[in-house]
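# Inside the fold
Okay, here's what each chain looks like letter by letter:
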Amino acid sequence: MKSSILVVDDDPSILDLVEARLKKREHAVTTESTVDAALECLRRQDFDLVITDLQIGTDSGLAISEWVSTNRPGTPVIVITAFGSMETAVGAIRAGADDFVTKPVDLELLDHIVERAIQRRRLTAEVERLRATVARAGMPAGIIGKSSAMKKLADLIDRIGDSDASVLITGQSGTGKELVARALHDRSTRKDGAFVPVNCAALPENLLESELFGHVKGAFTDARTAKDGLFRRAGGGTLFLDEIAETAPEMQVKLLRALQERKVRPVGGTEEIAFDTRIVAATNRDIESDVEEGRFREDLYYRINVVRLRVPPLRARGNDVLLLAQHFIDRIAARSGKNVRGIAAPAAQMLVNYDWPGNVRELENTIERGMALARFEEITADDLPEKIRDHQSTHVVVAGANPDELLPLEEVEQRYIMRVLAAVDGNKTEAARILDVDRRTLYRKLERYERYERQESND
Ligand SMILES: Nc1ncnc2c1ncn2[C@@H]1O[C@H](COP(=O)(O)OP(=O)(O)OP(=O)(O)O)[C@@H](O)[C@H]1O
Ligand SMILES: [Mg+2]
């Protein structure tokens, strides 16, 4: 593979010799004969390799290797030294050069040293690329979180990216369902296609129908031209049907037919037209209850719920609250120029203790308000809304009906465990992970609580 190489020497005969040899090996060569010109050139352009003489006029070539090792770490430098000056060669290596050749230049040796340096450069680049991939593998871009609940979600997004299966995203309002839908699209094989979101609750039924399926010319008074509709506009990409549970029964029938046939019939048209679109739907409702109670068609439910992504409520994400808060602070500070850098410890504790019924959206609003009020570099308790400040006094983590009640330790433990379990929707594996006990220990404790309860109800 062709590499770009900068060669620096004040001796034109050496420059010509080295340049000719490297060009024969198909490399792109730039030559410079002073240190200043070389540095100028390095600032403008990235090279795969730099070869420099150690004595350039009255200047030292070390200036170049030092500049490269601070400003372009990863770019190898080979120095050319006068024959016999082993000491200067060693000094050059200490100063950050990768290798050296002696004058007169042995061209075969030069080839060898150049190849080795370029190889090493490629390896470094590859390692860096891998490291970046690993860092990204943690969380899809834009999604902040380190909690095990969010890592599990990220893992699932990763695994279903290559599939075309329909996905249903559920979670309370403000948990980030739309963000998850976008991450899913970005991670999918369809990422170069369009991501087309449509809010099914925002449009009256007849409008939604022509939005989704398109219409033919003259289908209704305003339809002066034909229109494709979002199913087809999202062709090759993803259609995000937000608030799917809000659709009216007749619309549900039409959606079902479209998903079953993989075809849409534009309003006023007679022909059905095929689409190639991945369907991702979302709702903040308890859609299973809607199905049970006949508000949402069961057959449509099965069509969209092929893969399920559950976005956990913010209160089940532990310290993610603080990560997200810091993320919003940085973003708002950058936008508004307001000099707020973080959150004071007592305020941070309040954010962690609060239960966030409005989830991430509520946190974002809280931080925005807190930044507006903040008088110092940190958001303090005073800058938080009363409900969050006061939450703490009534919300002893293990409170029963009476917050002033003093409890035996074992009772405290039981109540805390039950609270954690509730926060993770009864998922014992997750609860054990949060409590940092092994699952068997948790099971044992839960069994004991059940025994107590049975005894009590028998008494
Ligand atoms: N993990 C996260 N990291 C960064 N930002 C997030 C995260 N989760 C949510 N947000 C932000 O919080 C806000 C609410 O998220 P989003 O609109 O996706 O919620 P939603 O689940 O669709 O809510 P609703 O059901 O009310 O429509 C958005 O501004 C989103 O960017
Ligand atoms: Mg939404």
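Everything in this summary refers to the structure shown in the same document. This is a predicted model, so every value here is computed, not measured.

Rules used in this analysis
- Residues numbered from 1 in each chain as written.
- Chains lettered and ligands numbered in written order.
- Predicted model: local features only at pLDDT ≥ 70, side-chain atom pairs only at ≥ 80, totals over all residues.
- Heavy atoms only, no water.
- Axes fitted to C-alpha atoms, helices over the stretch in contact; angles between N-to-C directions.
- Helix = DSSP H or I, 4+ residues; strand = E, 2+ residues; numbered from the N terminus.
- Parallel < 35°, antiparallel > 145°, perpendicular 65-115°, else oblique.
- Left-handed = near helix turned anticlockwise from the far one by under 90°.
- Contact = heavy atoms within 4.5 Å.
- Nonpolar A, V, L, I, M, F, W, Y, C, P; charged D, E, K, R; others polar.
- Near = heavy atom within 4 Å.
- Polar contact = N/O pair within 3.5 Å; in protein donor to acceptor, adjacent residues only side chain to side chain.
- Areas by Shrake-Rupley, 256 points an atom, 1.4 Å probe, with all protein chains shown as cover.
- Domains from an automatic or database assignment.
- Pairing = 2+ DSSP bridges.

Now for the packing of helix H6 (residues 148-160) against helix H7 (residues 177-187). Viewed as axis vectors pointing N to C, H6 and H7 meet at an angle of 40 degrees, and their least axial separation amounts to 8 Å. When the axis of H6 is compared with that of H7, the two are oblique. Between H6 and H7 lies a crossing of right-handed hand. Residues Leu153, Ile157, Asp158 and Ile160 of H6 pack against Val180, Ala183, Leu184 and Arg187 of H7. Residue composition of the contact of H6 with H7, grouped by class: six nonpolar, no polar and two charged.

Now for the site of ligand 1. Taken together, 17 residues form the shell around ligand 1, and within it Ile144, Ser173, Gly174, Lys177 and Arg361 come nearest. Gly174 places a main-chain nitrogen or oxygen 2.8 Å from an oxygen atom of ligand 1. Glu364 places a polar side-chain atom, nitrogen or oxygen, 3.1 Å from an oxygen atom of ligand 1. Protein contact buries 86% of the 640 Å² of open area that ligand 1 shows by itself. Looking at the shell around ligand 1, the elements that each hand over two or more residues are H7 and helix H15 (359-373). Within the shell around ligand 1, the residues separate by chemical class into five nonpolar, seven polar and five charged. Inspection of the shell around ligand 1 shows a minimum of three residues originating in each of domain 2 (148-312) and domain 3 (315-394).

In a beta sheet, neighbouring strands pair by backbone hydrogen bonds and run either parallel or antiparallel. The five strands lie next to each other as S9-S10-S13-S8-S14, forming an open sheet whose pairing is parallel. Of all the strands in the sheet, the pair left with one neighbour each is strand S9 (195-199) and strand S14 (307-310). Adjacent strand axes in the sheet meet at a mean angle of 20 degrees, parallel and antiparallel pairs treated alike. Of the strand pairs in this sheet, strand S8 (residues 167-170) and strand S13 (residues 278-283) are connected by four bridges, and their pairing is parallel.

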